[in-house]
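Structural description and commentary
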Amino acid sequence: MRYKITFSYDGTLFHGYQKQDGYRSVEECFENALYNINNHTETKIYASGRTDKGVHARGQVGHFDLDIDITLYKLKCALNSLLPEDIHVIDTEVVDDSFHSRFMVKSKKYVYYMNVGEYDPLNRNYIYQYNKELDIESMKEGIKYYIGKHNFKNFVSDDCIKEDYEREIYDCYIERDKDIIKFVFIGNGFMKYQVRNMVGTLIKVGKNKINSSDIEKILNDENYKKLVMTAKSEGLYLEEVNY
């Protein structure tokens with residue numbers, strides 16, 4: 001039977017979502033737990049996508065198949081008892097065998113938090129401590145250029161090789177609450193470092209190092225990739241996945 005789960009995790013002590021030899025990963029923690037639940041049978045979990053080292057999730061989604069008969073409540077309890085404290089299963093449900101948590105995604109929502117006020121050591125792993133003022137109005141103008149269908153190759157990590165770099169951003173915007181700047185991105189999919197590079201480039205706009213209109217140039221001309229900057233990972237959250 002196929003199960004879909006929604007879960008959250010604190011990415012601080014993980015080397016990313018994906019399983020990697022010699023490093024702690026979210027995927028490995030889940031598969032170790034599922035091995036014990038599924039009668040000591042190796043069980044693969046498929047997530048909606050990977051997150052990088054230090055990136056958090058409030059609404060990650062995954063699916064897996066189990067050979068045993070277990071209620072949804074007991075499955076949730078079993079997973080949470082076997083998983084480390086920095087991962088938590090929020091919801092479990094039975095889905096059709098045709099469901100796939102990655103290939104059936106309609107949209108994802110990522111949120112990035114940045115502190116432009118006094119350094120906050122208690123939130124240093126959860127909010128990027130930039131701790132300097134920025135030109136927020138110019139950043140709000142710049143973020144509008146990301147909306148729509150674009151080739152985002154210039155905003156992707158060099159080691160992320162794709163046949164197609166076109167993605168669609170349905171909506172993106174910036175909000176400010178006192179000293180906390182919140183960047184929101186909603187789209188049909190995001191590639192490695194894409195959100196962090198989009199935020200980092202907006203920070204350069206806010207520092208008046210580049211113009212807001214330069215974002216349009218970066219989207220359309222590979223010669224402008226040198227203007228892209230990568231924001232730190234700790235401020236980024238996978239907020240929601242929709243199917």
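Computed from a predicted model, the values in this text were never measured in an experiment.

On to the overall build of the protein chain, then. When helices and strands are tallied, the protein chain shows 5 helices and 10 strands. Relative to its length of 243 residues, the protein chain is compact, with a C-alpha radius of gyration of 19 Å against a globular reference of 18 Å. C-alpha extents for the protein chain along the principal axes are approximately 60 × 40 × 30 Å. Burial statistics for the protein chain: of 243 residues in total, 51% are counted as buried. A sequence separation of at least 24 residues applies to 70% of the contacts in the protein chain between residues at least 6 apart. The average position of the 34 basic charges and that of the 39 acidic charges among the side chains of the protein chain differ by 4 Å.

In the contact formed by helix H1 (residues 26-37) and helix H2 (residues 72-82), the axes pass within 9 Å of each other and the chain directions differ by 125°. Judged by the inter-axis angle, H1 sits oblique to H2. H2 is crossed by H1, and the crossing has right-handed handedness. Of H2, the residues touching H1 (which contributes Phe30, Ala33, Leu34, Asn36 and Ile37) are Leu75, Ala78, Leu79 and Leu82. Classifying every residue of the contact of H1 with H2 by side-chain character gives 8 nonpolar, 1 polar and no charged.

This part is about the side chain of His150. As for its placement among the helices and strands, His150 is situated in strand E7 (residues 148-151). On the basis of relative accessible area, His150 is assigned to the buried category, the value being 19%. Within polar-contact distance, the side chain of His150 engages the backbone oxygen of Tyr145 at 3.1 Å. If near-sequence neighbours (up to four positions away) are discounted, His150 is found in contact with Tyr145, Tyr165, Glu166, Arg167 and Leu219.

Basis of the calculations
- Numbering of residues begins from 1 in every chain and follows the order in which that chain's sequence is written.
- Predicted model: local features are reported for residues with pLDDT of at least 70 only, side-chain atom pairs are reported and counted for 80 or more only, and whole-chain, interface and lining totals are derived from all residues.
- In computing side-chain properties, one takes all heavy atoms of the structure into account and sets aside hydrogens as well as water.
- Working definition: helices are DSSP H or I runs of at least four residues, strands are E runs of at least two. Numbering for both runs from the N terminus.
- Radius of gyration here is computed from C-alpha atoms only, and the compact-globule reference equals 2.2 Å multiplied by the residue count raised to the power 0.38.
- Exposure classes here rest on a 1.4 Å probe applied to the protein chains alone. A residue is buried below 20% of its type maximum, exposed above 50%, and partly exposed in between.
- By definition, residues are in contact when any of their heavy atoms lie within 4.5 Å.
- Just so you know, the count uses Lys and Arg for positive and Asp and Glu for negative, and it drops His and the chain ends.
- Charged groups are reduced to one reference atom each: NZ for lysine, CZ for arginine, CG for aspartic acid, CD for glutamic acid.
- Axis definition: a line fitted to C-alpha atoms, over the contacting stretch in the case of helices. Angles run 0 to 180 degrees between N-to-C directions.
- Any angle between 65 and 115 degrees counts as roughly perpendicular, while under 35 counts as roughly parallel, over 145 as roughly antiparallel, and the rest as oblique.
- For any helix crossing, the convention is left-handed if the near helix is rotated counterclockwise from the far helix by under a right angle, and right-handed if that rotation is clockwise.
- Note on residue categories: nonpolar means Ala, Val, Leu, Ile, Met, Phe, Trp, Tyr, Cys or Pro, charged means Asp, Glu, Lys or Arg, and polar means any other residue, Gly included.
- As used in this structure description, the phrase polar contact means that two N or O atoms lie within 3.5 Å; if the pair is within protein, one of them must be able to donate a hydrogen and the other to accept it, and residues adjacent in sequence are counted only when both atoms belong to side chains.

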